[in-house]
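# Descriptive analysis of the structure
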Number of protein chains: 2
Amino acid sequence: MTEGRAAGRRGRGGGGAARRAARATAGIDCARFIERAIPNFELLNAEALEIIEHNAETVLEEIGVNFAENPAALARWRDAGADVQGERVRIPRGLARQLCATAPARFTQHARNPERNVEIGGKSLVLAPVYGPPFVRDLDGGRRYGTIEDFRRFVRLGYMSKWLHHSGGTVCEPTDVPVSKRHLDMLLAHMTLSDKPFMGSVTDPARARDSVEMCEILFGADFVAENTVMTSLININSPLTFDATMMGALEVYAQANQACIVSPFIVGGAMAPVSVAGTLTQVLAEVMAGVAYSQLVRPGAPVIFGAFVTSIDMNSGAPTFGTPEASQILYGAGQLARRLGLPFRSGGALCGAKLPDAQAAYETAHTLNAAMMGGVNFMLHSCGWLEGGLVASFEKFVMDADQLGALHKMAAGVATDPDAQAMDALREVGPGGHFLGCAHTQAHFRDAFWRSEVLDYKPFETWDEQGARDTAMLATERVQALLAQYEAPAMDPATREALEGFVARRKAELPDSAY
Amino acid sequence: MTEGRAAGRRGRGGGGAARRAARATAGIDCARFIERAIPNFELLNAEALEIIEHNAETVLEEIGVNFAENPAALARWRDAGADVQGERVRIPRGLARQLCATAPARFTQHARNPERNVEIGGKSLVLAPVYGPPFVRDLDGGRRYGTIEDFRRFVRLGYMSKWLHHSGGTVCEPTDVPVSKRHLDMLLAHMTLSDKPFMGSVTDPARARDSVEMCEILFGADFVAENTVMTSLININSPLTFDATMMGALEVYAQANQACIVSPFIVGGAMAPVSVAGTLTQVLAEVMAGVAYSQLVRPGAPVIFGAFVTSIDMNSGAPTFGTPEASQILYGAGQLARRLGLPFRSGGALCGAKLPDAQAAYETAHTLNAAMMGGVNFMLHSCGWLEGGLVASFEKFVMDADQLGALHKMAAGVATDPDAQAMDALREVGPGGHFLGCAHTQAHFRDAFWRSEVLDYKPFETWDEQGARDTAMLATERVQALLAQYEAPAMDPATREALEGFVARRKAELPDSAY
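Residues numbered from 1 in each chain as written. Chains lettered and ligands numbered in written order. Predicted model: local features only at pLDDT ≥ 70, side-chain atom pairs only at ≥ 80, totals over all residues. Heavy atoms only, no water.

The following threshold applies: UniProt positions are given in the numbering used here, feature names are shortened, and annotations may be inferred rather than shown by experiment.
The name given to chain A in an unreviewed UniProt entry is Methyltransferase, with the source organism recorded as Rhodovulum adriaticum. You can read under Sequence similarities (unreviewed entry) in the UniProt record for chain A the words "Belongs to the trimethylamine methyltransferase family."

Shown next, in the form of structure tokens:
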């Protein structure tokens, strides 16, 4: 939204937090976002980081970045002291980093249910689902184009997923709705079917404005003017290019003090050099330019250092996921983000597999582990991603979402208080004894260990008698069970009516179009 | 072997290394063991480690450990200054740690092909296959008891696996051979079908002696007297009990200067407290007692700090794998091992899954990641483990063995030399360009990224046309291909004859028995 548009809307603040709290349902069990009590893994040493930082400044100064079809952006850069030639912006050494300094190191994204607010930055980790697939897949229906009803099913599953903190954005493309109107149906689904935080539309500046206006209805305009209620995904057109559509959306959100992830989208070897150090150099240069630009639009606008980086398979040309190079880039990018003082987005349940099989799980687990240890603050694609992001899988959504529980436990660290030391148990049991019956075990066994709600822990014989089901089959049952249990979170009918009215009006105003 | 038995055998040293090198085949592509160029992940802070170390000493001092049915062990402990009451050995604070100091921080295990020698300790990581399952499984034959022919197929697969450095030990139980004679057939398979290093028998002291004697035939007695040619697995009967069988085998190996892994085998909540700190305390106490005992038998004998720890599912009572608690224990145990100055064994392709499906891969990948980052030096069960270790899976063997390639790449760290910085590529390509064709990419694309030889990287349509195979089906094909390509490494016919003669003689001497 522009400042003018914001002022033009009725204020809905005043007791908003209390009202939103009253609306909250107690029906679902949802974990708070993760605050890590464990160290980050620091893969690169200081010398390597300094080389990359020096080179990124060289890239910005000598090569520069393009801000395409965006005279306003070029003017902002010129005013800030950059050397602008045509669409090429060369940024003097140190300027981009200096501009980044006004971005907050940590910020709160508000949800309509304040219990679901998330904080992004520092040692937090916020988990959001898959974003962007045109296809969906499940065991019964196979692979097919996504629809708005698929979209709603994913939003419901996300709401029901205990370890998921965020409802996400384009959980799948609702291809049965014209592109020009999709954002309205998607936002309405996130706002009404869930009470977790969500993302705004970025495919056009006008759609970003619609996103802000719908938030003003949901939260009240005064509240939105003063608080961040959306985190949206701004991809950089790597290498080194910022296109007018994405920058237009970023401008809308930054002006409205809404958060953006500024994220290179890189398949290494194609959109970046084949080396990890070279790719990290490009990532840092791109993010610094994009974040600096957000701060030129509005100093202090919340923004996230994004790194979506994978590598190309040099045989097939396909992007690959869960590779060691991708993990190295994630670890390095996290270190660079922390040195820049910015929240960090990377990771996800990424895989190239076509099915929710062993390949999917190996690749996913490698990336989840790197994201956990590498200091990611906002993890998009935390569950449901399949086939290089072409497919949103219902089974994989619940499989991955279950795995996210393990990250919560890992992040909590190791307690060493006297009770956790368990010396009484060791004394009670002694050599050759058994701990199951001892007092310490009895006092703690319910919450001692993380437990999957999808995977199979039965004895072989029981498992065999019950149909010898693999993980995907068990996941199908969970999808069905969660959707059957689903109840929408309570919502003020007037708010719902206002949102539906907005959507109807905008749909009538907008042409049907496929772009 | 005892010293007397060693002296009784003909010397076969003298130019042995040269002779073994000449025997080596160049036919297979095998990676050198891993030397990490990256930091270890230090989960616990110094205060937590000190608490655990203090408590472990308290356990040894106040509670003590049992050395069951082993008067010689009790005498050794009494002589060393421990308080021995019945079978209970209470070790004064500091004594166990002091005794551990004579164990080497790093040692070489020799293979009959010197190119396959491994170093265990420091920042090394040596990968060995699954150990111990009574059952085997493949897609065609399903789940069934293992046979000696299954065993040989696994040894062949291990030999053919590029990323596997070690042939292992009981890759599956050959249940068609009497227990009393199995060790002979198993060792003969490792010695003749592979030229990678291997493990000795531990199920009876006499079988450990047979293992040493067969090594004297393979390597020469002089060579064995001076070098470590076996690393064998000595499990502690947790909690805090050292049984006579395992200690008898340890005594044989330590006296022969052969390496032992001294390894608590713990399902947390059953054989140890339900807390991570309590379990680590017990692990440290047990390992310190076992390693100290090995040094009482022979100061300087090579020994590894083992930690095989998982947690119990409190609903079903089943052991679970790949859990966050297991990873926390692995990280903590690695730190404790390094502070004790000992090589560290943990990790593996551990899972509770019944099939090589997504569950298997999630659980496996979590453990492989923890082992990589947690400083494991010797990873048993690196591939092929299924169903909580009850089953050795042919498909999972090649799936996991393929994943181990990623660990090699991860461990190599991130190069930052001028070529890796890729500034020329960034300058050549510039904003909006493409890196595939640039000079830097062309020079490096072959070795830039790790590439799976099992997983699917094809476009969806191609994959679909080719049968829409999942990972397990692709793995079946790889098993068949590797076995079809297999050629035994060259071996001196006289050595082979001597080994076969020894096996035949011992089989004739030994009764058939099932224990």
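## Points about the overall build of chain A
Applicable threshold: Under the scheme used here, helices are H or I runs from DSSP no shorter than 4 residues and strands are E runs no shorter than 2 residues, and both carry numbers assigned from the N terminus. Only C-alpha atoms enter the radius of gyration; for comparison, a globular chain is expected to reach 2.2 Å times N to the power 0.38, where N is the number of residues. Whether a residue is buried, partly exposed or exposed follows from its accessible area with a 1.4 Å probe, protein chains only, as a fraction of its type maximum: under 20%, in between, or over 50%, in that order. Only heavy atoms matter for contacts: two residues are in contact if any of them lie within 4.5 Å across the pair. Per-residue and other accessible areas were derived by the Shrake-Rupley procedure at a 1.4 Å probe size, with only the shown protein chains allowed to occlude residues.
The number of helices and strands found in chain A is 20 helices and 19 strands. For 515 residues, the compact-globule formula gives about 24 Å, and the C-alpha radius of gyration of chain A, at 23 Å, lands near that figure. Principal-axis analysis of the C-alpha atoms places the extent of chain A at approximately 75 × 60 × 50 Å. Burial analysis of chain A (515 residues in total) assigns 66% to the buried set. Summarising the internal contacts of chain A: among those between residues at least 6 apart in sequence, 77% fall at separations of at least 24. With an accessible surface of roughly 16200 Å², chain A has 51% of that area assigned to carbon and sulfur atoms.

## Focus on the sheet that holds strand 4 (residues 88-90) of chain A
All names here are of chain A. Rule in force here: For two strands to count as paired, DSSP must find a minimum of two bridges between them. To define axes, lines are fitted to C-alpha atoms, for helices over the stretch in contact only, and angles between the resulting N-to-C directions are given on a 0 to 180 degree scale.
Taken in spatial order, the 4 strands line up as 3-4-2-11 in an open sheet, and their pairing is mixed. Taken across any chain shown, the strands that pair with only one partner, and hence form the sheet edges, are strand 3 (83-85) and strand 11 (241-242). Bridging between strand 2 (residues 65-67) and strand 11 involves 2 bridges; their strand directions are parallel. The residue of strand 11 that forms the bridge with Phe67 is Phe242. Each of strand 2 and strand 4 is contacted by helix 3 (residues 46-63), which is oriented at about 130 degrees to strand 4, the strand it contacts most.

## Here we look at helix 11 (residues 276-297) of chain A
Residue and element names in this part refer to chain A. Our working definition: Given a helix with a known number of residues, its expected span is that number minus one, times 1.5 Å. By the criterion applied in these results, polar contacts are pairs of N or O atoms within 3.5 Å in which, for protein atoms, one can donate a hydrogen and the other can accept it, and in which residues neighboring in sequence qualify only through two side-chain atoms.
Between the first and last C-alpha of helix 11 there are 31 Å, a value that for 22 residues agrees with the 32 Å anticipated at 1.5 Å per step. Burial within helix 11 is extensive, with 21 of its 22 residues counted as buried. You can read the cap of helix 11 off the contacts: a side-chain oxygen lies 3.0 Å from the backbone nitrogen of Gly278, and it is on Ser275.

## Some details on the packing of helix 14 (residues 394-411) of chain B against helix 19 (residues 471-485) of chain B
Any two packed helices are characterised by how steeply their axes cross, that is the angle between the axes, and by the distance between the axes. Residues and elements named next belong to chain B. Worth spelling out the cut-off: Roughly parallel means an angle under 35 degrees; roughly antiparallel, over 145; roughly perpendicular, 65 to 115; everything else is oblique. Gly is put with the polar residues, along with every residue not named as nonpolar or charged; the nonpolar set is Ala, Val, Leu, Ile, Met, Phe, Trp, Tyr, Cys and Pro, and the charged set is Asp, Glu, Lys and Arg.
Running from N to C, helix 14 and helix 19 cross one another at 90 degrees; their axes reach a closest spacing of 8 Å. The angle between the axes of helix 14 and helix 19 places the two elements in the roughly perpendicular class. Taking contact as the criterion, the partners of Phe394, Glu395, Val398 and Met399 in helix 14 are, on helix 19, Thr471, Ala472, Ala475, Thr476, Arg478, Val479 and Leu482. Looking at the contact of helix 14 with helix 19 residue by residue, the class counts come to 7 nonpolar, 2 polar and 2 charged.

## What to know about the pairing of strand 12 (residues 259-268) of chain B
All names here are of chain B. Put simply, the rule is: Handedness of a crossover is defined as follows: orient the strands so they point away from the viewer, and if the path from the first strand over the helix to the second runs clockwise, the crossover is right-handed.
Extensive coverage of strand 12 is indicated by the burial of 9 of its 10 residues. Where strand 10 (residues 231-236) meets strand 12, 6 bridges bridge the pair, whose relative direction is parallel. Bridge pairing in strand 12 places Ile236 opposite Pro264. With respect to chirality, the unit in which strand 12 leads through helix 11 (residues 276-297) into the neighbouring parallel strand 13 (residues 303-306) is right-handed. Across 4 bridges, strand 12 lies against strand 14 (residues 308-312) in parallel orientation. Residue pairing across strands places Gly268 opposite Ser311, the latter belonging to strand 14.

## Details of the relation of the copies chain A and chain B
Here is the rule: In this comparison the copies share one frame, found by least squares on the C-alpha atoms of residues holding pLDDT of at least 70 in both.
The transformation that overlays chain A on chain B combines an axial shift of 0.0 Å with a rotation of 180 degrees, and the residual RMSD is 0.0 Å. Taken together, the turn and the small shift mark the pair as related by a two-fold rotation axis. It is Ala358(A) whose C-alpha, among those of chain A, lies nearest the rotation axis, at 2.1 Å. Interface overlap between copies: 100% of the residues of chain A at the interface are likewise at the interface in chain B, consistent with a symmetric, same-surface contact.

## Comments concerning the sheet that holds strand 8 (residues 135-138) of chain B
Residue and element names in this part refer to chain B. Taken in spatial order, the 4 strands make up an open sheet running 9-8-19-18, and their pairing is mixed. Only two strands of the sheet have a single partner each, and these edge strands are strand 9 (142-145) and strand 18 (385-386). One ladder, built from 3 bridges, connects strand 8 with strand 19 (residues 391-393); its direction is parallel. By the bridge assignment for strand 19, Arg137 is matched with Ser393.

## Quick look at the side chain of Thr231(B)
Residue and element names in this part refer to chain B. Mapped onto the elements of the fold, Thr231 is located in strand 10. Among the polar contacts listed, one links the side chain of Thr231 to the side chain of Gln109, at a separation of 2.8 Å. Setting aside chain neighbours within four positions, we find Thr231 in contact with Phe107, Gln109, Ile120, Phe198, Met199, Gly200, Ala259, Ile261, Ile304 and Phe378.

## Overview of the interface of chain A and chain B
Where interface size is quoted, it is often the accessible area lost as the parts come together. Operational definition: Two parts lose some accessible area (1.4 Å probe) when they are put together, and adding that loss for both gives the buried area. One speaks of a salt bridge when a side-chain nitrogen belonging to Lys or Arg is within 4 Å of a carboxyl oxygen belonging to Asp or Glu.
In this assembly, 108 residues from chain A lie in contact with 108 residues from chain B. Approximately 9200 Å² of surface area, both sides summed, lies buried where chain A meets chain B, with 69% of it carried by carbon and sulfur atoms. Among the residues of chain A in contact with chain B, Tyr362(A), Pro431(A) and Phe449(A) are the three that bury the most area, contributing 9% of the side total. Counting across the interface, chain A meets chain B through 8 salt bridges. Linking Glu62(B) and Arg427(A) is a salt bridge whose minimum nitrogen-to-oxygen distance equals 3.1 Å. At the boundary of chain A and chain B, one finds 46 residue pairs in polar contact (both at pLDDT 80 or more). Of the residues forming the side of chain A that touches chain B, the biggest block, 10 residues, is contributed by helix 13 (residues 358-373) of chain A. For the side of chain A that touches chain B, the class distribution of residues is 55 nonpolar, 35 polar and 18 charged.

## Concerning the packing of aromatic side chains
We apply this condition: Aromatic pairs are defined between Phe, Tyr and Trp rings, using the six-membered ring for Trp, whenever the two ring centres lie within 6.5 Å; interplanar angles under 30 degrees are classed as stacked, those over 60 as edge-to-face, and all others as tilted. Our definition puts a charge over a ring when NZ of Lys or CZ of Arg is within 6 Å of the ring centre and also within 35 degrees of the ring normal.
Here the structure, examined in full by the defined rule, presents 31 aromatic pairs over all chains. When the ring of Phe154(B) is compared with that of Phe397(B), the centres are 5.5 Å apart and the planes differ by 45 degrees; the resulting orientation is tilted. Taken as a pair, Phe154(B) in helix 6 (residues 148-160) and Phe397(B) in helix 14 lie far apart in primary sequence, 243 residues in all. Under the relative-accessibility criterion, Phe154(B) is labelled buried at 1%. Here the aromatic rings of Phe308(B) and Trp385(B) are separated by 5.8 Å at their centres, their planes lie at 50 degrees, and the arrangement is tilted. With Phe308(B) in strand 14 and Trp385(B) in strand 18, the pair connects residues that are 77 residues apart, well separated along the chain. Taken individually, Phe308(B) and Trp385(B) each receive the classification buried, so the pair is uniform in this respect. Among the aromatic residues, those joined into a cluster by ring pairs are Phe41(A), Tyr331(A), Phe41(B) and Tyr331(B). Against the face of Phe135(A) rests Arg143(A), its NZ or CZ located 4.0 Å from the ring centre. Taking NZ or CZ as reference, Arg143(B) lies 3.6 Å from the ring centre of Phe460(A), over its face.

## Comments concerning the pattern of salt bridges
As enumerated under the stated definition, the model contains 53 salt bridges over all chains in all. Close ionic contact of Asp195(A) with Arg116(A) constitutes a salt bridge, the shortest N to O distance being 2.8 Å. One end of the pair, Asp195(A), is in the loop between helix 7 (179-193) and helix 8 (205-219); the other, Arg116(A), is in the loop between strand 5 (106-109) and strand 6 (118-121), with 79 residues separating them in the sequence. Of the two residues, Asp195(A) and Arg116(A), both sit in the buried class. Residue Glu53(B) is joined to Arg339(B) by a salt bridge in which the shortest nitrogen-to-oxygen separation is 2.7 Å. One end of the pair, Glu53(B), is in helix 3 (residues 46-63); the other, Arg339(B), is in helix 12 (residues 324-340), with 286 residues separating them in the sequence. The exposure class of Arg339(B) is partly exposed, given its relative accessible area of 36%.

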